Amino acid sequence: MSARAAVHARSLTKIFGDVIALEDVDLDVPAGQIHGLVGPNGAGKTTLLGLLLGLSVADKGTLEILGVPSGDVLSVAHGVAGFVDSPGSYPGLTARQNLTSLASLRGEVRASGDIDDLLDRVGLGEVADDTVRGFSLGMRQRLGLAAALLGKPRLLILDEPANGLDPVGKRQVHQVLTDLADSGATVILSSHRMDDLAALCDEVTLLATGRVVFSGPVSKLEAESGELDYRLVTSDPAEARRIAEEETSLTLVAGRKQAAGDKPALVVRGHEAEIDDLVRRLVGAGAAIRELGPVVPPLEAAFLALTGADDQELTR
Amino acid sequence: MTALTLDEPRRTEPVALRRGYRFEMVKLVSQWRLRVVLLACLLAPAIYTAVVSRQTTLPADAVYGRLMNQSGWAGSLTILVFMGTLALPLLTSVVAGDIFAAEDRLGTWRHLLIAVRSPRRIFWAKTLAALTATLVLLAALALSSVVGGVLSVGAHPLPGLDGHQLSSAALARTIALAWLSVVPPTLAFSAVGLLGSVALGRSPLGLLMPVAVALVLEGVQLLPIPVALRMALPINAFLSYRGLTTEPAQLSALWIGIAVSLAWTALATFLAYRIFTRRDFTNIAFDGNASRFALVGLAPLVALAVVSTGVIAAATGAVGNGVERVKLESALSTSFSHLYVLQTERLGRPVVTEGELHATAACDKGGERVEDAGPGADWRCVVTWTLPGATAEGNAIYQLDVLPDGRFTADGDGPKEVNGFFQVRTPTGDAPNPLWQFDGLVDLLAEAKGQE
Ligand SMILES: Nc1ncnc2c1ncn2[C@@H]1O[C@H](COP(=O)(O)OP(=O)(O)OP(=O)(O)O)[C@@H](O)[C@H]1O
Ligand SMILES: [Mg+2]
């Protein structure tokens, strides 16, 4: 297993003063996988990615990257690249100069064609010779990705790469990462948004306050969602409310204040099967169903439920 | 590449220092601020010397300032005065004071660490890059200061600070050595800049550390402090070039200045290195810790100043502030003799030599009630000499303003035909009177020999 694993981590713990940033984190990422790291702000994503990049060492636990056990700070396996928090670039240099100087710093002689190609792939071909000073957040993010790709990495670590990207940019980045994974490299990226990662990642790890609350394929996460809130619009709201109240396995949730002109909707919480029952009874009672759907998409709901963020959400 | 080599597990090597250095240079050169500074260093001294040399009011407060209209070489020596007081510490602030702080400002530490994989290499690459940039700027200043003056008023001989004539060739050599002599203290302030930059991150205090240290030391230097302490401060090394213009040259201060500067350079660089390599780079909010810095950054430098004061005191046996009546009288009479010979030449009178004049000076400070020692503007001296074949003695009076650093300004107080007027009438028209006002230098470290 570990020979094929790009990352193999056991009980990683990282403590800053009295903040436990990571606690007993296990992580297994097979080579060639795109692995997502999700969690709310302060969950420990950046800290974990920093450990993988060798920027710091764990206080406890073992970590093996590309078959190399982690040692001192900054000593990591060859072929690991990426950034945490936000990618670095030098504003006085152009996009191209940032890449060429970085390549020659690392002693990678790259044909200028390679760098042009890289800039094109991340969508910066047009502005290759503009100084980075004038770049937007998204453009800097793209440049950071290009810089991380310079050394043909075997493990790419990206902290919130979608930050500041427009939809086209996101698609480009997804394409680049998918290509990279297809060529056998491993990608680990983080986001605080589930929907960013669902389409891209083979597997995700959910972090909440430094602990792993879920790790596995996205489809399995969806099944974890359990009870969901459904929004229901019928032809007979009063009757629907009565029937829903009778259904003991369901909870009626006080929905948001409805704006004038809004269709009178009901929000009920329950498992999928119970909702099926409710629909059958409503139809039996002659109420037509006009709208029915989860208030929050299942993945998001699972995310909220597992990270404990939904409690705050609803008590607000 | 084969699959085998690809899969072979190995660690990344830190990048070579040479590559790190080149990367730092690329970043430095890309800074518009540094380009502006280089342009200023190339132009400002040349423009200043070219313009001021042609003015009627000259910066007489600066050594050689009053001679700027007489020789282009004086311009470069005048610029050197400003270098030590503020320009070079400021320059080191801009370069060394910023080289680490820039990464804090841009938030690029982790980017750089991931690329280089060694804080030590980063430290040395940055230190060498700052050194290179500083030396380039210094060379630009030196070159520009010479070019401006020489183009504007030409290369003519000038008297040294003991009055003896320096030919153009000797001046060129002296000026080259003088600019070289400010390199060690510049390095010392650069190292202080590195220390501030490393220890205080983005905070402006870190950036301005060399200037702050220079201002404090200059304040101390204005006081009549003991010679040993004066010599132990790196700021004094900016002044020691003045000893190169005398015959014989006053080299003790020069060598001590170089040794002190190198000691400061080594210690401040070491402290910066230690702080830097122990830094936690995972914390992006890092902005230094001023109280810790005072302890691990400034206290050792203060200790160094104390220790070197002791060493210098023991090695030279120097006590007191070094401005003594006997030394002042000897410096004044020497300068007077040399400049009298020059005046004789200008007037086309029969040739005399310094030796034939047997000039002596008698100085008194502040009248009867004041002790005749130490710096002050209240020195009054009478120079006495005899011309070969003449029976009567010549007498001339000078008011002296003696500064704590050993430099003095002698202002002629008559008689009118010797030193009371700023011009002399020569066969070819009016010429500046070399005896009217001149600068001199007391060797603070010299032992006061008994009466003559
Ligand atoms: N250098 C540090 N010093 C002290 N505390 C730190 C440090 N780095 C991280 N922390 C703390 O560790 C916890 C995890 O932080 P981390 O940056 O890993 O979270 P994150 O999941 O990346 O959050 P975000 O989504 O906001 O980027 C936070 O409580 C943070 O305050
Ligand atoms: Mg983060």
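Residues numbered from 1 in each chain as written. Chains lettered and ligands numbered in written order. Predicted model: local features only at pLDDT ≥ 70, side-chain atom pairs only at ≥ 80, totals over all residues. Heavy atoms only, no water.

**Describing the overall build of chain A**
Link 1 in the chain: Scanning chain A from terminus to terminus reveals 11 helices and 14 strands.
Link 2 in the chain: Per-residue burial over chain A gives 47% buried out of 316 residues.
Link 3 in the chain: When contacts within chain A are restricted to residue pairs at least 6 apart in sequence, long-range pairs at least 24 apart make up 70% of them.
Link 4 in the chain: With an accessible surface of roughly 14400 Å², chain A has 49% of that area assigned to carbon and sulfur atoms. (Helix = DSSP H or I, 4+ residues; strand = E, 2+ residues; numbered from the N terminus. Buried < 20%, exposed > 50% of the residue type's maximum accessible area, 1.4 Å probe, protein only. Contact = heavy atoms within 4.5 Å. Areas by Shrake-Rupley, 256 points an atom, 1.4 Å probe, with all protein chains shown as cover.)

**Remarks on the sheet that holds strand 10 (residues 211–217) of chain A**
All names here are of chain A.
Link 1 in the chain: Strand order in the open sheet formed by 6 strands is 6-7-8-3-9-10, and the pairing between neighbours is mixed. Looking at strand neighbours, the two that pair on one side only are strand 6 (80–83) and strand 10, the edges of this open sheet. Averaged over neighbouring strand pairs, the angle between their axes works out to 15 degrees when direction is ignored.
Link 2 in the chain: In the packing of helix 10 (residues 298–307) onto the sheet, the strands contacted are strand 3 (34–38), strand 9 (203–208) and strand 10, and the crossing angle to strand 9 comes to about 35 degrees. (Pairing = 2+ DSSP bridges. Axes fitted to C-alpha atoms, helices over the stretch in contact; angles between N-to-C directions.)

**So, the site of ligand 1**
Link 1 in the chain: What surrounds ligand 1 is a group of 14 residues, the closest being G42, G44, K45, T46 and T47 of chain A.
Link 2 in the chain: Around ligand 1 the close residues trace back to chains A and B.
Link 3 in the chain: A distance of 2.5 Å is found between an oxygen atom of ligand 1 and a side-chain nitrogen or oxygen belonging to T46 of chain A.
Link 4 in the chain: Considered on its own, ligand 1 offers 640 Å² of accessible surface; in the complex 68% of this is hidden by protein.
Link 5 in the chain: It is helix 1 (residues 45–53) of chain A that contributes the most residues to the shell around ligand 1, 3 residues altogether.
Link 6 in the chain: Class assignment for the residues of the shell around ligand 1 results in 5 nonpolar, 7 polar and 2 charged. (Near = heavy atom within 4 Å. Polar contact = N/O pair within 3.5 Å; in protein donor to acceptor, adjacent residues only side chain to side chain. Nonpolar A, V, L, I, M, F, W, Y, C, P; charged D, E, K, R; others polar.)

**Re the environment of S308 of chain B**
Link 1 in the chain: Along the chain, S308 of chain B turns up in helix 14 (residues 290–316).
Link 2 in the chain: Between the C-alpha atom of S308 of chain B and that of D364 of chain B, which follows or precedes it by 56 residues, the distance is 33 Å.

**Considering the domain arrangement of chain A**
All names here are of chain A.
Link 1 in the chain: You can read the domains of chain A as domain 1 (5–222) and domain 2 (228–307).
Link 2 in the chain: Between the C-alpha centres of domain 1 and domain 2 there is a distance of 40 Å.
Link 3 in the chain: Each partner contributes residues to the interface: domain 1 has 15 residues there, and domain 2 has 7 residues.
Link 4 in the chain: In this assembly, domain 1 packs against domain 2 so that about 860 Å² is buried in total across both faces, 80% of it on carbon and sulfur atoms.
Link 5 in the chain: Seen at the junction of domain 1 and domain 2, the total is 0 salt bridges.
Link 6 in the chain: Linking domain 1 with domain 2 are 0 residue pairs in polar contact (both at pLDDT 80 or more).
Link 7 in the chain: Secondary structure elements with two or more residues in the side of domain 1 that touches domain 2: helix 6 (194–198), strand 9, strand 10 and helix 7 (218–223).
Link 8 in the chain: For the side of domain 1 that touches domain 2, the class distribution of residues is 11 nonpolar, 2 polar and 2 charged. (Domains from an automatic or database assignment. Buried area = accessible area lost by both parts, 1.4 Å probe. Salt bridge = Lys/Arg side-chain N within 4 Å of Asp/Glu carboxyl O.)

**With respect to the interface of chain B and chain A**
How large an interface is tends to be reported as the accessible area lost when its parts come together.
Link 1 in the chain: Counting residues at the interface gives 31 residues for chain B, matched by 36 residues for chain A.
Link 2 in the chain: Carbon and sulfur atoms supply 62% of the area buried between chain B and chain A, which totals about 2900 Å² over both sides.
Link 3 in the chain: Remark: the boundary between chain B and chain A carries 1 salt bridge.
Link 4 in the chain: Where R110 of chain B meets D85 of chain A, a salt bridge forms, and the shortest distance between an N and an O atom there is 2.7 Å.
Link 5 in the chain: Linking chain B with chain A are 11 residue pairs in polar contact (both at pLDDT 80 or more), by the criterion used here.
Link 6 in the chain: The set of elements that each furnish at least two residues to the side of chain B that touches chain A consists of helix 1 (3–7), helix 2 (17–30), helix 5 (101–106) and helix 6 (109–116) of chain B.
Link 7 in the chain: Here the residues of the side of chain B that touches chain A sort into 14 nonpolar, 7 polar and 10 charged.

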